[in-house]
Amino acid sequence: MNPQVTLQTSNEFSPKNASRWSLTLVFLALGLAGSILVFKTAKAAYLVICGQPAQAICYRIDTNSSSHRGHQRKSRQYYVEYQTANGALAKGRIVPGFRKLSIGSKIDVLYSPHISSLVEANNPVSLGIYPVLTLVVIGFLIWFRR
């Protein structure tokens, strides 16, 4: 005679279930951050290789304020206007790096000759930080894999 085994499932909280969910959420967050980093790296690499230089003028600044746990944060989006190689006027949004711009400020940019609104400040912080961060993340993943 074979004994019959019945499995019971429980919806109760257990540390094993909690650790699975927390690990899943951590991997989802890392995947999202990695995707954004890869996109930013690809954009920076494309502009370094194919981008056309221009001098842009900041014509608009949007400031957003948010509060988190009593700390005020301000984020700024800078909009610039520049002339392309064929003489057309183009506009785009940039991250100027550590530099603060005001309306009317001039800044060197690289823009895509194919998509003129694809533009970035032409400085090592704006163009170089994403590839470096990508390499650091890959390095950590390899190091922790051991």
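Computed from a predicted model, the values in this text were never measured in an experiment.

Participant: Could you give me a rundown of the layout of surface pockets, with the residues and numbers involved?
Facilitator: In this structure, the largest pocket encloses a volume near 310 Å³. In this structure, the largest pocket is lined by 15 residues; those nearest its centre are Arg76, Gln77, Arg93, Ile94 and Val95. Those elements giving two or more residues to the lining of the largest pocket turn out to be helix H1 (15–50), strand E2 (71–83) and strand E3 (89–94). With 4 residues, the top contributor of residues to the lining of the largest pocket is E2. Here the residues of the lining of the largest pocket sort into 5 nonpolar, 3 polar and 7 charged.

Participant: Would you mind going over the pairing of E2 in detail, with residue names and values included?
Facilitator: In the sheet, strand E1 (residues 52–68) pairs with E2 via 12 bridges, with the strands oriented antiparallel. By the bridge assignment for E2, His68 is matched with His71. Here E1 folds back onto E2 in antiparallel fashion, the turn holding 2 residues, of which Arg69 has a positive phi close to 55 degrees. Of the pairings in the sheet, the one linking E2 to E3 comprises 6 bridges and is antiparallel in character. Note that in E3 the partner of Tyr79 across the bridge is Arg93. In this antiparallel pair of consecutive strands, E2 and E3, the connection spans 5 residues, and Gly87 shows a positive phi of 90 degrees.

The rules behind the values
- Residue indices follow the written sequence of each chain, beginning from 1 at its first position.
- In view of the model being predicted, local features appear only for residues whose pLDDT reaches at least 70, and side-chain atom pairs are presented and counted only at 80 or more, with totals across whole chains, interfaces and linings using the full set of residues.
- With hydrogens and water excluded, all non-hydrogen atoms of the structure serve as input to the side-chain values.
- Using a grid of 1 Å spacing that covers the protein atoms alone, one calls a set of points a cavity when a 1.4 Å probe fits there but cannot get out, and a pocket when the set is open and has protein on both sides within 12 Å along at least five of seven lines; lining residues are those with an atom within 4 Å of a point.
- Grid points are joined across faces, edges and corners, and a volume is the space filled by probe spheres set on the points.
- Put simply, DSSP marks the helices as runs of H or I at least four residues long and the strands as runs of E at least two long, and each gets a number from the N terminus on.
- Each residue is assigned to one of three groups, with Ala, Val, Leu, Ile, Met, Phe, Trp, Tyr, Cys and Pro labelled nonpolar, Asp, Glu, Lys and Arg labelled charged, and all others, Gly among them, labelled polar.
- Being paired, for any two strands, means DSSP has found at least two bridges between them.

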